[in-house]
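Single-letter residue listing:
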Amino acid sequence: MEADKMLDYIKDVLENMPADWLRLTTHRLDIYNEELAKVQFLDQFEILANQNKSSSSALSELPTAYDYIRLGHPLSCVLEWAIAKLNNLAPDQVISFLSKTTPILSVLRKNLLNHKNTLIAYTNELPSSFDTEVLKTVYGYTFELRKVEKASDVSEFDGSVIFVSHQDEISPINQNSNIDFYIHLYADFGSVLLVNGEQNKEYISDIQHVRRRETVAMTPNNCLAALKSLVNQPTSDTQKNNVAENKTTVLDAIKEVSGANTTPLVASSGLSVQYAILMGLVNNAIENHKGKAIKIVVPPNCYGGTNDQARRVAACNDAIEIVDLPVDGDNDMVQSIGIVLDKLAKEDAIPYIIAEIPTNPRVEVPDLQKLRDVLSARRKTASGSEAIDPVFILDQTFCPNVHFLGESDILSSVRTISFASGSKFPSGGECTAGYCVANKKAEALMDKIALHLQLCDNEATDLQMEILAKQMPSMKQRIHDAYLNTLEFVNFIKETLPAAKINFVSEELAKEGFTPSVFSLDLPTKGNTAEERETYKRELNHKLINLMITEIPNESKYCVSYGQLNGCYWTIPATSTQGTTKEDDKDYIARVSLSPNMDVELHKKVFLKFVELM
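Residues numbered from 1 in each chain as written. Predicted model: local features only at pLDDT ≥ 70, side-chain atom pairs only at ≥ 80, totals over all residues. Heavy atoms only, no water.

**Section: the overall build of the protein**
In step 1: If you tally the helices and strands in the protein, you get 20 helices and 18 strands.
In step 2: Taking 2.2 N^0.38 as the reference for a compact globule, 614 residues should give roughly 25 Å; the C-alpha atoms of the protein span a radius of gyration of 24 Å, in line with that estimate.
In step 3: Along the first, second and third principal axes, the C-alpha set of the protein runs to 65 × 65 × 55 Å.
In step 4: Within the span of the protein, comprising 614 residues, buried residues form 60% of the whole.
In step 5: For the protein, restricting intrachain contacts to residue pairs at least 6 apart in sequence, the fraction spanning at least 24 positions comes to 74%.
In step 6: Carbon together with sulfur atoms contributes 45% to the accessible area of the protein, which is approximately 24,900 Å² in total.
In step 7: In the protein, the 60 positive side-chain charges and the 82 negative ones have mean positions that sit 3 Å from each other. (Helix = DSSP H or I, 4+ residues; strand = E, 2+ residues; numbered from the N terminus. Rg over C-alpha atoms; globule rule 2.2 N^0.38 Å. Buried < 20%, exposed > 50% of the residue type's maximum accessible area, 1.4 Å probe, protein only. Contact = heavy atoms within 4.5 Å. Areas by Shrake-Rupley, 256 points an atom, 1.4 Å probe, with all protein chains shown as cover. Lys, Arg positive; Asp, Glu negative; His and termini not counted. Charge placed at Lys NZ, Arg CZ, Asp CG, Glu CD.)

Okay, here's the thing in structure tokens:
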């Protein structure tokens, strides 16, 4: 397709694009093939482009590009496709980021694992958050820096060459075969990485994996602005008058909802802030406990992003090891933590524990007094010296309103850092931003976490802060109302299908403040063998979900979601939220998430129909 035709088509697409391309943070799984993320969407988008079809209805029928916009979304795909066309590249060779430093780190990580040299050539200056010393001492990355005037000045190098340049507009690159990766920095949008040369295509999946786990794709709003600039359309001026006011509102709201009396940090996503936590703690360990082994203790069946990211951090440093923490089903979190901490104390290791309360997907809560006791117990090393006390990294996404962090709260005696995904209740699904906050005992660790959040350029955008400032004041009420809807639906299922096993908080836990609006549903099954029973159950899961989304298309969605403003969301965690979890640890059960604003009676009616059809 000629450049002029392509640009004209982009104009038409921008005029007719579905509102959901800009508005939604999660997208449908029933029209999504995870193995073909981006590819399937762009293959069909290309067909429309060649036919010059750009109606809203045609664009709405395209398959899901990615299931969650942190990973990518329709507008990031269209932007990458357009830039690829301008440079005669395949679309998968163009990857957009919100961050300006993480694309550089994505290549450095791959080369660290491949023991390959890297030259970073740059014009003007590197991103302001780029910290050479920390990248070498904490991340273990090795690289040379060289300032140049222009791309053609880059000479041959024994290893990978990254060329970093600031750009005012999107335009074709100046091809230089000595350059392996072009990284274009855009002041208002983020950055775009272009993979140059056939020999570097093996990097693409690894770079995408970094974007998936340690940062976010360029946001829909920024991609829209970038596409408008590409076709010379005016971009709407974002009001930045209330930036300071919005930040104050958000930080105060986080303190109130968490009960903490320390300063929170807000990031571009939950995983962005989790990565900052892990790297900040690694940095702290290197400075204060030199030479000691770092153990990241993590449940093997927790949220797949958490699990995968922790293992990726460990893969880059021989001093870091993952220790599995069994927490669900027949395993007791408190007992497992005790066993693990006793062992790590003997080894004189540094224990960093990541856990979800309630657990995902089985919505279980440990005995909190026993949890406090096992975490705060003093332990001895094999030589008899005082063991290093753990840091408890608590994922509160399901119940962000429970107070763990205040000076009179249950974990005040334990170094605790709480974090939550802001795409859930904090924003009601309107942005991906996440946050973390520490109790007083862990407050000293936050400076290092802030350093790594800034280094990776993963701080929340002004727009994300604006959305959080708007939505967080109503968060507690929304949590309460969504819980009541969930409780009503759960009780109906118990009456209608008593053979089903439901994982949901008890009334006793609800009185303690644990009021999640999510439950897992283990449908009754049949068959002569375990394999037959499992197969039947999985088929039944899909029948239920398909019935719900077909009968109630405006409210019931097949996608990974929680804490949204409206609707009801169905998923099977093993195929989405546990996507990188080991097969034996996967839970093939339906997970159902309800919002404060939905027609519960209609959902009960359709569920009854499902039971009658079983």
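**Remarks on the packing of aromatic side chains**
Here the distance between the centres and the angle between the planes together describe a pair of aromatic rings.
In step 1: What the rule picks out here adds up to 18 aromatic pairs.
In step 2: Residues F489 and F519 carry aromatic rings whose centres are separated by 6.1 Å and whose planes lie at 75° to one another, so their mutual orientation is edge-to-face. Linking F489 in helix α17 (residues 475-496) with F519 in strand β15 (residues 518-522), this pair joins segments that are 30 residues apart in sequence.
In step 3: The exposure class assigned to F489 is buried, which follows from its relative accessible area of 0%.
In step 4: For F519, a relative accessible area of 0% translates into the label buried.
In step 5: Measuring from centroid to centroid gives 6.3 Å for F489 and W570, while their planes differ by 85°, and the two rings are edge-to-face. Of the two residues, F489 sits in helix α17 while W570 sits in strand β17 (residues 568-571), which places them 81 residues apart along the sequence.
In step 6: Judged by relative accessible area, W570 falls into the buried class, the value being 0%. (Phe/Tyr/Trp six-rings, centres within 6.5 Å; stacked < 30°, edge-to-face > 60°.)

**Observations concerning the environment of T26**
In step 1: Tracing the backbone shows T26 in the loop between α2 (20-23) and α3 (39-50).
In step 2: Not counting residues up to four positions away in its chain, the partners in contact with T26 are D67, Y68, C559, V560 and S561.
In step 3: Here S561 takes part through its side chain, which lies 3.4 Å from a polar atom of the side chain of T26. (Polar contact = N/O pair within 3.5 Å; in protein donor to acceptor, adjacent residues only side chain to side chain.)

**Looking at the sheet that holds β17**
In step 1: Taking strand neighbours across the sheet as the criterion, the five strands line up as β14-β15-β18-β17-β16 in an open arrangement whose pairing is mixed. With partners counted over all chains shown, the strands left at the sheet margins are β14 (501-503) and β16 (556-558), one partner each. Across the sheet, the axes of successive neighbouring strands diverge by a mean angle of 25°, strand direction being ignored.
In step 2: For β16 and β17, the ladder comprises three bridges, and the chain directions are parallel. The partner of S556 across the bridge, within β17, is C568.
In step 3: Packed onto the sheet, α17 meets β14, β15, β17 and β18 (590-594) and runs at close to 15° relative to β15. (Pairing = 2+ DSSP bridges. Axes fitted to C-alpha atoms, helices over the stretch in contact; angles between N-to-C directions.)

**Remarks on the packing of α17 against helix α20 (residues 600-613)**
In step 1: Following both chains from N to C, one finds α17 and α20 inclined at 25°, their axes separated by 10 Å at the closest point. The angle between α17 and α20 falls in the class roughly parallel. Along this stretch, α17 crosses α20, giving a crossing that reads as right-handed. Along the contact surface, α17 presents N485, E488, F489, F492, I493 and T496, while α20 presents V600, E601, H603, K604, F607, L608 and V611.
In step 2: Class assignment of the residues belonging to the contact of α17 with α20 gives a composition of seven nonpolar, three polar and three charged. (Parallel < 35°, antiparallel > 145°, perpendicular 65-115°, else oblique. Left-handed = near helix turned anticlockwise from the far one by under 90°. Nonpolar A, V, L, I, M, F, W, Y, C, P; charged D, E, K, R; others polar.)

**Points about helix α11 (residues 270-288)**
In step 1: The end-to-end C-alpha distance of α11 is 27 Å, a good match for the 27 Å that 19 residues give at a rise of 1.5 Å each.
In step 2: Most of α11 is tucked away, with 16 of its 19 residues classed as buried.
In step 3: The N-capping residue of α11, defined by a side-chain oxygen 3.4 Å from the backbone nitrogen of L271, is S269. (Expected span 1.5 Å × (residues − 1).)

**Focus on the confidence of the model for the protein**
In step 1: The pLDDT averaged across the protein works out to 93; a share of 97% of its residues lies at or above 70.
In step 2: Between residues 574-579, whose pLDDT stays under 50, and residues either more than four places distant or in other chains, the model counts 27 contacts. (pLDDT = per-residue confidence, 0-100.)

**What to know about the pattern of salt bridges**
In step 1: All told, the structure shown has 30 salt bridges when counted by the stated rule.
In step 2: Between K110 and D206 there is a salt bridge whose closest N-O contact spans 3.0 Å. Of this pair, K110 sits in helix α6 (residues 102-114) while D206 sits in helix α8 (residues 204-213); the two residues are 96 residues apart in sequence, bridging distant segments of the chain.
In step 3: For K110, a relative accessible area of 12% gives the class buried.
In step 4: With relative accessibility at 27%, the residue D206 sits in the partly exposed group.
In step 5: Residues R312 and E214 are paired through a salt bridge, measuring 2.9 Å at the closest nitrogen-oxygen approach. One end of the pair, R312, is in helix α12 (residues 304-315); the other, E214, is in the loop between α8 and α9 (220-230), and 98 residues separate them in sequence. E214 carries the same exposure label as R312, and that label is buried.
In step 6: The structure contains a network of salt bridges with shared partners spanning K295, E321, K343 and E347. (Salt bridge = Lys/Arg side-chain N within 4 Å of Asp/Glu carboxyl O.)

**So, a negative patch on the surface**
In step 1: A surface patch of like charges, here negative, comprises D332, D367, E507, E508 and E512.
In step 2: For D367, the location among the structural elements is in the loop between β10 (350-356) and α14 (368-376). (Patch = residues over 30% accessible without salt bridge, like charges linked within 9 Å, V, L, I, M, F, W, Y side chains within 5 Å.)

**Overview of helix α10 (residues 243-258)**
In step 1: The terminal C-alpha atoms of α10 lie 23 Å apart, and with 16 residues this matches the ideal 22 Å at 1.5 Å per residue to within 8%.
In step 2: Downstream of α10 by one or two residues, G259 has phi in the positive range, about 80°.

**Quick notes on the nonpolar core**
In step 1: Among the nonpolar cores identified, the biggest contains 94 residues, and F392 and F607 are the most heavily contacted of them.
In step 2: In terms of residue count, the dominant contributor to this core is α17 (eight residues).
In step 3: F607 has contacts with F489, F492, I493, L497, L521, L544 and M548, leaving out every residue within four places of it along the chain.
In step 4: Membership of the second largest hydrophobic core comes to 64 residues, among which are L185, I204, A276 and I296. (Core = buried A, V, L, I, M, F, W, Y, C linked by side-chain atoms within 4.5 Å.)

**What about the sheet that holds strand β5 (residues 181-186)?**
One key point about sheets: their strands pair by backbone hydrogen bonds, in either a parallel or an antiparallel sense.
In step 1: Taken in spatial order, the six strands line up as β1-β6-β5-β4-β2-β3 in an open sheet, and their pairing is mixed. Only two strands of the sheet have a single neighbouring strand rather than two, namely β1 (94-97) and β3 (144-147). Adjacent strand axes in the sheet meet at a mean angle of 20° when their direction is disregarded.
In step 2: Sitting on the sheet, helix α5 (residues 74-86) touches β1 and β6 (190-195), and the angle it makes with β1 is about 135°.

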